[in-house]
Amino acid sequence: MPLALRLAGTHIETNAKVPWPGAITSYDGYLRALEAEITELFPELDEDSSTFGDRQARELVGCTWELSLSALEKRGILQARSLLQMLSHFADSPIPIELLKLQVLDHFEVFKDVTRAQLRTTVEALADLGLIDLRAPQHPPIGGVAPAASVTLHPLVRDVGRYPGRLRTPRATYLAAASTMIAIGTSKAPQEDWASWPVWETLSDHAFYLLSEVLQENEIGDGVVDAAAYGSYQSARFLMSRGEFERAQFEQVRVLAALRRISGNEHPNSLTVRHDRAVSLNRLGRLAEAESELRAVREEKIRIFGPNSPNTLTTVHAYADVLWQQGELSRAEEEYRSILSVKDLTPSERNLLGTRNNLYQVLIEQGKLSEAVAEIDGFVNEAESHGDGGTAVAQARFVRARVRKAQARFEEAIAEFREVADHQSVTLGENHTTTLSTKHELGVALQESGDPDAACNVLHGVFVARSKVQGSDHPDTLGTRHQYALALHEAERRDEAQRHYRETFKRRSQVLGDHHLHTLATRFQLAVLLEESGDLENAEEEFLNVLVGECATIGADHPSTLTTRLRLVKYAVIRQQWPQAFAELDRILAARRRMYGENHPLARDTEEVIAFLKANIPS
């Protein structure tokens, strides 16, 4: 009723300003016209209105804007009714005006031969009568281009506007036009960084809604299903960029179902969506599922595109990432090197810097520091000598700084991180996600160099910026919060550290799941803090919980799991359970030798622990 009264008042006010022949300019006249409209639409209406259902009641209230639409048609604005019905088939979310493509509306015969000026006049007329609301842009320009205004519909207007009995064009046609326009919109929307997120929030609302509606519609062509699937595929990639991997993989499953409806498992986009879903599973810590799917997609891409296609190499890189997280370091190294060995590809086509960064990290974890150092120094020198561009060189230097950090050459690493961060602040912006990643690594280097107070200052700034830019629950933000808690811990600010550990653990559990490696890493540090405070009973329980999660996710012999197992040996020693302690140490040593070789520092450290305990067993 408030909506009906608002529309009635707007109708009368608009007509009273510039009366057209036969226009309604008084409340009495409006009531008489409304009664005639109701009598025509609902001849069965009698005094017992309780027999009306909800739909009929909504339709009755909808008569208020039927009068307004009729008035617009008398003024020669003939597309108003069709446009309102078209807008009603989008999601209950703001609709950017720039989405309304005349060629699409013409193609699907929503209305024909309408100019941009006529469309604008129709939109403004609907807004003047209160049937839609025009909104100014809610976000700043992106790439120098100012966003267009958007329109919103009252939920009741939208609901009645979709009612089949009133439609001038079949519902399937409206859905086809809307899905096509969203597909075009998602193909052209910027995807570079977080600045485009407000645009994508709106686009994704419409994309996911329309895919649901299209899949429920039987009388709709494969091309429309394809368009709806494409809009949702692009929107799921936006969710991935924002760290919403659970929701992203859910939508990716729906996209795959839509593609199978079109052409079984042979749709050309199926492999791309399967790749993306596997990456989402990887980020959720479901490593076994991700590894299996990426292996299958890689084999299919090799068969279709060949082993050296950029399309194939993208999946090879993602597959190597999963192997790395699973502790399969030599296999991951082999996959990364296979990408770098491919010739005649541009750096972007094989994600050169990302691949090199991960390769060097894998080399470091295997103890191959000299090899990693030689390769990255050669790569940076080559990039600088070829003048590959400031951004490319900065990224290469970022990788080199990480290698220097792993070498414990902290002074060089910190200086290089600072220089790269300064360059990125100028070229990309202080709060660009790439700049924040460099500053995060700077904080880690300061912490590992033995300066936790300086690390706290840097990491706190990154945490605040990421919370604002990416959101407090984004995996990157939580990663920085975890590192900030570590720095607080080392700075002896234990109460603050525990608060941040607990909040990070809670949020990581919600966002990533209890068994995700990042969640377990935070839980591990909480256990360390408990142990240091003397609460050994609860500390041991937390370490055991971490071990259960690691065994379920990455297996008993993963490097992270071995670290937790070694930590738990301490409790067997405290209880003087020597046979159990030495048996577990022998198993850990065998696993580390098998994984890294006998001369790796981790293997030697384990040998030293065994020797120390044997030399100090109480008689």
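Here is a short report on the structure shown in this document. (Residues numbered from 1 in each chain as written. Predicted model: local features only at pLDDT ≥ 70, side-chain atom pairs only at ≥ 80, totals over all residues. Heavy atoms only, no water.)

1. Details of the pattern of salt bridges
Considering all chains together, one arrives at 42 salt bridges under this definition. Measuring nitrogen to oxygen at the nearest pair gives 2.7 Å for the salt bridge that ties aspartate 377 to arginine 404. Remark: arginine 404 occurs in helix H18 (residues 390-406) and aspartate 377 occurs in helix H17 (residues 369-386); sequence separation between them is 27 residues. Across the pair glutamate 532 and arginine 494 runs a salt bridge, and its minimum N-O distance is 2.8 Å. One end of the pair, glutamate 532, is in helix H24 (residues 517-532); the other, arginine 494, is in helix H23 (residues 494-512), with 38 residues separating them in the sequence. Sharing partners across several salt bridges, the network here consists of Glu333, Arg337, Lys368, Glu371 and Glu375. (Salt bridge = Lys/Arg side-chain N within 4 Å of Asp/Glu carboxyl O. Helix = DSSP H or I, 4+ residues; strand = E, 2+ residues; numbered from the N terminus.)

2. What to know about the packing of helix H20 (residues 433-448) against helix H22 (residues 475-490)
Relative to each other, H20 and H22 sit at 20°, their axes nearing to 11 Å. Between H20 and H22, the angle falls in the class roughly parallel. The handedness of the crossing between H20 and H22 is left-handed. Across the interface between the two elements, His440, Val444 and Gln447 from H20 touch Gly479, Thr480, Gln483, Leu486, Ala487 and Glu490 from H22. Within the contact of H20 with H22, the residues separate by chemical class into three nonpolar, five polar and one charged. (Axes fitted to C-alpha atoms, helices over the stretch in contact; angles between N-to-C directions. Parallel < 35°, antiparallel > 145°, perpendicular 65-115°, else oblique. Left-handed = near helix turned anticlockwise from the far one by under 90°. Contact = heavy atoms within 4.5 Å. Nonpolar A, V, L, I, M, F, W, Y, C, P; charged D, E, K, R; others polar.)

3. Focus on the packing of helix H14 (residues 310-325) against helix H16 (residues 352-365)
Where H14 contacts H16, the two axes come as close as 11 Å, and the packing angle between them is 25°. What the angle tells us is that H14 and H16 run roughly parallel. Along this stretch, H14 crosses H16, giving a crossing that reads as left-handed. Within the contact between the two elements, H14 uses His317, Asp321 and Trp324 and H16 uses Gly354, Thr355, Asn358, Gln361, Val362 and Glu365.

4. As for the nonpolar core
With 66 residues, the main nonpolar core has Met86 and Phe90 as its most contacted residues. Listing elements by their share of this core, those giving two or more residues are helix H3 (54-74), helix H4 (80-87), helix H5 (102-107), helix H6 (116-128), helix H8 (171-188), helix H9 (197-215), helix H10 (222-241) and helix H11 (245-263). Top contributing element to this core by residue count: H9, with 10 residues. (Core = buried A, V, L, I, M, F, W, Y, C linked by side-chain atoms within 4.5 Å. Buried < 20%, exposed > 50% of the residue type's maximum accessible area, 1.4 Å probe, protein only.)

5. Re the side chain of histidine 275
Looking at the element boundaries, histidine 275 is found in helix H12 (residues 270-283). For histidine 275, a relative accessible area of 8% puts it in the buried group. The contacts of histidine 275, once residues within four sequence positions are left out, are Leu294, Val297, Lys301, Thr314, Thr315 and Ala318.

6. Some words on H24
Compared with an ideal rise of 1.5 Å per residue, which puts 16 residues at 22 Å, H24 spans 23 Å between its outermost C-alpha atoms and is within 8% of the ideal. Of all 16 residues in H24, 13 are buried, a share of seventy percent or more. Of the residues trailing H24, glycine 534 is marked for its positive phi of about 95°. (Expected span 1.5 Å × (residues − 1).)

That is the geometry; function is a separate question.
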